[in-house]
Amino acid sequence: MFAHRRFLRDNFKSADGLMSAIAKYGLDAPSKASVEKWLQRDSIPGEWLPVLLVILELEHGAPVRISQYMDGGQ
């Protein structure tokens, strides 16, 4: 399984950080309550994961590695 919560916290720190990163690129961010649910549920909606990966790629100037967030199918 993918460690969504750890991915979000490592890369965006908080719901506010994630929402700021999305807004920085002119995208409509989900509500803070929605993002907090992502953290609570350890799940990111499928349509948002590629958006977040693109934001991180733009921020870092290179694609980001996500293999560290695989938890061995637990």
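Structural notes, computed from the coordinates. This structure is a prediction, so every number in the text was calculated from the model and none was measured. (Residues numbered from 1 in each chain as written. Predicted model: local features only at pLDDT ≥ 70, side-chain atom pairs only at ≥ 80, totals over all residues. Heavy atoms only, no water.)

1. Structural notes on unusual backbone geometry
Part 1: Its identity as a non-glycine residue notwithstanding, K13 has a phi of 70°, on the positive side.
Part 2: When you line up the elements, K13 lands in the loop between α1 (4–12) and α2 (15–24).
Part 3: When its relative accessible area of 62% is taken as the criterion, K13 is described as exposed.
Part 4: The phi torsion at D42 lies on the positive side, around 55°, for a residue other than glycine.
Part 5: For D42, the position within the fold is in the loop between α3 (32–41) and α4 (49–60).
Part 6: For D42, a relative accessible area of 27% puts it in the partly exposed group. (Helix = DSSP H or I, 4+ residues; strand = E, 2+ residues; numbered from the N terminus. Buried < 20%, exposed > 50% of the residue type's maximum accessible area, 1.4 Å probe, protein only.)

2. Examining empty space enclosed by the protein
Part 1: Inspection of the entire model under this criterion finds one cavity of 30 Å³ or more.
Part 2: As a volume, the largest cavity reaches approximately 30 Å³.
Part 3: In terms of lining, the largest cavity is formed by L8, R9, K13, S14, A15, L18, V35 and L39.
Part 4: Split into classes, the residues belonging to the lining of the largest cavity amount to five nonpolar, one polar and two charged. (1 Å grid on protein atoms, 1.4 Å probe; cavity = no way out; pocket = protein on both sides within 12 Å on 5 of 7 lines; lining within 4 Å. Points joined across faces, edges and corners; volume = space filled by probe spheres on them. Nonpolar A, V, L, I, M, F, W, Y, C, P; charged D, E, K, R; others polar.)

3. Description of α1
Part 1: Buried within α1 we find H4, F7, L8 and F12. Buried positions in α1, seen along its axis, are confined to an arc of 95° and lie on one side of it.
Part 2: Residues of α1 that are buried sit in contact with α2, α3 and α4.
Part 3: Just past α1, the residue K13 takes up positive phi, approximately 70°. (Arc of directions from axis to C-beta. Contact = heavy atoms within 4.5 Å.)

4. Topic: the packing of aromatic side chains
Part 1: In the structure shown here, the tally under the stated rule is five aromatic pairs.
Part 2: Ring centres 5.5 Å apart and planes at 85° place the aromatic pair F7 and Y69 in the edge-to-face group. One end of the pair, F7, is in helix α1; the other, Y69, is in the segment after α4, and 62 residues separate them in sequence. Considered together, F7 and Y69 belong to a single accessibility category, that of buried residues. (Phe/Tyr/Trp six-rings, centres within 6.5 Å; stacked < 30°, edge-to-face > 60°.)

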